[in-house]
Amino acid sequence: MTSTPGSGGPTAAPTPRRSDRHEDRPHTTPRLRRRFSRAERLVHRTTAALMLLCVATAACLYVPQLAELVGRRYLVVTLHQWSGLLLPAPFLVGLASPSFRADLRRLNRFAPHDKEWLRAVRRRDFRPGSRPSGKFNAGQKVYAGWIAGAVLVMLATGLMMWFTGLTPLVWRTSATFVHDWLSLAVGLVLVGHIGMAFADPRARHGMRTGSVERPWAEREHPLWKEEE
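Keep in mind that this is a model prediction, so the values were computed, not measured.

Asker: Quick one: what's the story with the packing of helix α2 (residues 38–62) against helix α9 (residues 169–199), residue by residue and with numbers?
Answerer: Between α2 and α9, whose axes approach to 11 Å, the crossing angle comes to 130 degrees. Put simply, α2 runs oblique to α9. By crossing handedness, the relation of α2 to α9 is classed as left-handed. Here α2 contributes His44, Met51, Leu52, Val55 and Tyr62 to the contact with α9, which in turn contributes Asp180, Val186, Leu190, His193 and Ile194.

Asker: Explain helix α7 (residues 112–122) to me, using residue names and the numbers behind them.
Answerer: The set of residues buried in α7 consists of His113, Asp114, Trp117 and Ala120. Axial view of α7: buried residues confined to an arc of 120 degrees, hence all on one face. Of the exposed residues in α7, those oriented more than 90 degrees away from the buried face are Pro112, Lys115 and Arg122. Looking at the buried positions of α7, the neighbouring elements they touch are α8 (138–162). Positive backbone phi, at 55 degrees, marks Arg124, one or two positions downstream of α7.

Asker: Please give an account of the side chain of Arg106 that cites residues and values.
Answerer: For Arg106, the location among the structural elements is in helix α6 (residues 98–107). Assessed through its relative accessible area of 17%, Arg106 is described here as buried. Among all residues touching Arg106, those that are not within four sequence positions of it are Lys135, Phe136, Lys141, Glu227 and Glu228.

Asker: Outline the packing of aromatic side chains, listing residues and values.
Answerer: What the rule picks out here adds up to 5 aromatic pairs. Clustering of aromatic rings is evident, with ring pairs tying together Trp82, Trp162 and Phe163. The lysine or arginine in question, Arg33, covers the ring of Trp224, its NZ or CZ lying 4.0 Å from the ring centre. Sitting over the face of the ring of Trp224, Arg35 holds its NZ or CZ atom 5.1 Å from the ring centroid.

Asker: Would you mind going over the nonpolar core in detail, with residue names and values included?
Answerer: Judged by nonpolar contacts, Leu50, Met51, Leu87, Ile147, Ala150, Val151, Met154, Leu182, Val186 and Leu190 together constitute the single largest core of 10 residues. Of all elements in the fold, only α2, α8 and α9 reach the threshold of two or more residues within this core.

Each value, and the rule that gives it
Residues numbered from 1 in each chain as written. Predicted model: local features only at pLDDT ≥ 70, side-chain atom pairs only at ≥ 80, totals over all residues. Heavy atoms only, no water. Axes fitted to C-alpha atoms, helices over the stretch in contact; angles between N-to-C directions. Helix = DSSP H or I, 4+ residues; strand = E, 2+ residues; numbered from the N terminus. Parallel < 35°, antiparallel > 145°, perpendicular 65-115°, else oblique. Left-handed = near helix turned anticlockwise from the far one by under 90°. Contact = heavy atoms within 4.5 Å. Buried < 20%, exposed > 50% of the residue type's maximum accessible area, 1.4 Å probe, protein only. Arc of directions from axis to C-beta. Phe/Tyr/Trp six-rings, centres within 6.5 Å; stacked < 30°, edge-to-face > 60°. Lys NZ or Arg CZ within 6 Å of the ring centre and 35° of its normal. Core = buried A, V, L, I, M, F, W, Y, C linked by side-chain atoms within 4.5 Å.

On their own, these measurements won't tell you what the molecule is for.
The following block contains the structure:
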């Protein structure tokens, strides 16, 4: 006997299970590799926003043309002070994330291949395989260490300038000198950092979404798997 449409007879087509329908879809995740967790991306974004606010307000305070254009000096000073004071906050909150702490350990560890990477950069050697790196290359490790030290120095000198009664005049004068020139160096380094980010859209995509393409990871960070 033939079954009618919709009946459960022997000739009725079985309804695929949810898992079967899911397996029929093309898989794209194997081509992606997780690079940054959501906590790490939030730390990066909030730190970047505070840093850019510091640099922008500093420019308004020290460049006369910008000061005249913006005006409201008291508001600019207040924004500059509080954005600088809050700059370490995302880092401290991010320490609660295991993935953030794991990447900090990677950034703080210099391996022999990192020295090889720096030598290749100094020789301007662009051959494939001449710049081995793990999850982070030597340039990223140097940048992370430098910017962390600069933030601490800027915070200490800024506090001396803000709370004038804490230190003698000669200290405040020296702090102002260091703060001003270091802020210029930080601004230049940030411009270079942003320029390199725009030059590598795949790395920028990884910071935005948290995942990168496996071919890119294997080409740019061939020792990443060995680290894990």
